[in-house]
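Here is how the chains run, residue by residue.
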Amino acid sequence: LGPLVGAIDQGTSSTRFLVFNAETAELLSHHQVEIKQEFPREGWVEQDPMEILNSVYECVEKTCEKLNELNINIANIRAVGVTNQRETTVVWDKTTGEPLYNAIVWLDLRTQSTVERLLKRIPGKNKTFSKFKTGLPLSTYFSAVKLRWLLDNVEDIRKAVEDGRAMFGTIDSWLIWSLTGGKNGGIHCTDVTNASRTMLFNIHSLEWDPELCKFFDIPMEILPNVRSSSEIYGLMKICPSRESGALTGVPISGCLGDQHAALVGQMCFQDGQAKNTYGTGCFLLCNTGQKSVFSEHGLITTIAYKMGRDKPAFYALEGSVAIAGAVVRWLRDNLGIAQSSQEVEQLAAEVGTSYGCYFVPAFSGLYAPYWEPSARGIICGLTQFTNKNHIAFAALEAVCFQTREILDAMNKDCGIPLSQLQVDGGMTNNKILMQLQSDILCIPVVKPSMPETTALGAAMAAGAAEGVGVWSLNPGDLTAVTWERFEPQINPEESEYRYARWKKAVMKSMGWETSETPSNGKPK
């Protein structure tokens, strides 16, 4: 075997470590651990940064054991890439290496009052005031408002900032700092894609923006150094607490937010190429080349990747949907109508229709293209005939309708409609969902036979880094991808009718919550 490259894929619901052959892009082995999400109050979503870090060590150890069993020498792993759930915010103490509070997850809504307070400071309460600097609207979704909340509400963090002990980072930074030594010389950095999700980063100058830091009142000394997505950041160190050092001395040389990594893993290097990832949420990204494009239809502008210190940044338009796979997890864990995600698919398959029932899973408000934080989830069109099968089907349909909304916005902004949709992510194993998606979009949906494109993208960035050089990104050298195709099978009129009904349901979900709602603290 030639050189190998590892990828740490730290998602919202699970952590994985995967090892690829750098010459053939073949996945050789992997291990996955599910991550706990904590919901301490209504609308709050937290995770334990130590649990996240330990899950990474566990996945690395277990994957290395599996490789040994396959008689594959782990000494051939030349580099490791990191890809991560974006926006999720961690503040830790650099003297102890311990987090100062739980990670506040991207889906969390506790910052709605923070957002409203900040809006009052903007002339005309203009939500898009920083759009041309950051590409983003002011929303609970991005890291700056989460960090502001932590500074306002957590005494330990305020004190650590005063004492010069605090470090802020998104999950990539927390992992890279910890894996490269932590309190003993760990590297405090992030890449341009993750930085572009904080609302503190100027996506043109590629630097932290002093004016934005001042607006959010965030001390710049706690921010990580911003690097490209493909360069050697530091070397893996032994973890003393676990005596885990299988990959000691291996460079960490790739870093991309998960959606950006999937764009790379899907080989969307040309202007106009797009992919849709179905994970906890749903994210459609379209490469716009070396120019940033600003949406008129509710999409955000983000950095796609920067493949090396001296390479140019590429930009993307993004349609972000908060709840996709999470709706299936909700049906499983909260309603208990199924024991597994596969069972939800079976329930839906048994009826093959939602029978006029529509499910808008606006659990965290609505993201693109509406950016409506006051929306909440609704199931409408219920009759005595409706049963759990119809609700399961409506949940799958909701994922597809939400994708259609962001695809419509993308087509309007780009002017050239996509002729097919490239897809990836855990939910794409669901064949019913993929067929439904094609029917609702009225275009073919194509899925690579190796669905782990997020991890693949991180591995490509790591393997291609200067000083590693085991993975070529030249178009001629990229391995040909085999696809599975789903063609539309229903007539477009029926599809349009169902889509129109969906939009009616979306309107009914809006304006539900106001931040003035009297709250008696924790729910019973």
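Residues numbered from 1 in each chain as written. Predicted model: local features only at pLDDT ≥ 70, side-chain atom pairs only at ≥ 80, totals over all residues. Heavy atoms only, no water.

- Within an unreviewed UniProt entry, the label attached to the chain reads glycerol kinase, and the organism entered is Anthoscopus minutus.
- For the chain, the Sequence similarities (unreviewed entry) comment in UniProt is given as "Belongs to the FGGY kinase family."
- The heading Pathway (unreviewed entry) in the UniProt record of the chain holds the text "Polyol metabolism; glycerol degradation via glycerol kinase pathway; sn-glycerol 3-phosphate from glycerol: step 1/1." (UniProt positions renumbered as here; feature names shortened; annotations may be inferred.)

## Considerations on the pairing of strand 17 (residues 300-305)
Okay, step 1: With respect to burial, strand 17 is a largely interior element, six of its six residues being buried.
Okay, step 2: As defined by bridge partners, strand 17 adjoins strand 18 (residues 314-321) across five bridges and the pair is classed as antiparallel. Within strand 18, the residue paired with T301 across the bridge is L317. (Buried < 20%, exposed > 50% of the residue type's maximum accessible area, 1.4 Å probe, protein only. Helix = DSSP H or I, 4+ residues; strand = E, 2+ residues; numbered from the N terminus. Pairing = 2+ DSSP bridges.)

## Observations regarding the sheet that holds strand 21 (residues 421-424)
Strand-to-strand pairing in sheets goes through backbone hydrogen bonds, with the strands running parallel or antiparallel.
Okay, step 1: As summarised here, the arrangement of the seven strands in space is 17-18-16-15-21-22-23, forming an open sheet in which the pairing is mixed. The open sheet has two edge strands, strand 17 and strand 23 (483-486), and neither has a second partner. Each strand axis lies, on average, 30° off the axis of its neighbour in the sheet, ignoring direction.
Okay, step 2: As defined by bridge partners, strand 16 (residues 282-289) adjoins strand 18 across seven bridges and the pair is classed as antiparallel. Paired with C286 across the two strands is L317, which belongs to strand 18. (Axes fitted to C-alpha atoms, helices over the stretch in contact; angles between N-to-C directions.)

## Focus: the packing of aromatic side chains
The description of an aromatic ring pair rests on the distance of the ring centres and on the angle between the ring planes.
Okay, step 1: Counting across every chain of the model gives 24 aromatic pairs.
Okay, step 2: Note on F269 and Y305: the rings are 5.8 Å apart at their centroids and 85° apart in plane angle, and the pair reads as edge-to-face. With F269 in the loop between helix 9 (258-265) and strand 15 (274-278) and Y305 in strand 17, this pair connects stretches of sequence that are 36 residues apart. The same class applies to F269 as to Y305, namely buried.
Okay, step 3: By way of ring pairs, the aromatic residues W106, Y141, F142, F283, Y367 and W371 are connected into one cluster.
Okay, step 4: One Lys or Arg, R110, reaches over the ring of W44 and ends 3.9 Å from the middle of that ring. (Phe/Tyr/Trp six-rings, centres within 6.5 Å; stacked < 30°, edge-to-face > 60°. Lys NZ or Arg CZ within 6 Å of the ring centre and 35° of its normal.)

## Observations regarding the pairing of strand 5 (residues 77-84)
Okay, step 1: By the criterion of burial, strand 5 is predominantly enclosed, with seven of the eight residues buried.
Okay, step 2: Taken together, the five bridges between strand 5 and strand 14 (residues 251-257) define a ladder with parallel strand orientation. Across the sheet, the residue bridging to V82 is C255, located in strand 14.

## A few points about helix 9
Okay, step 1: Within helix 9, eight of the eight residues are buried, which leaves it mostly tucked inside the rest of the structure.
Okay, step 2: The complete set of buried residues in helix 9 reads D258, Q259, H260, A261, A262, L263, V264 and G265.
Okay, step 3: Just beyond helix 9, the residue with positive phi is M267, at close to 60°.

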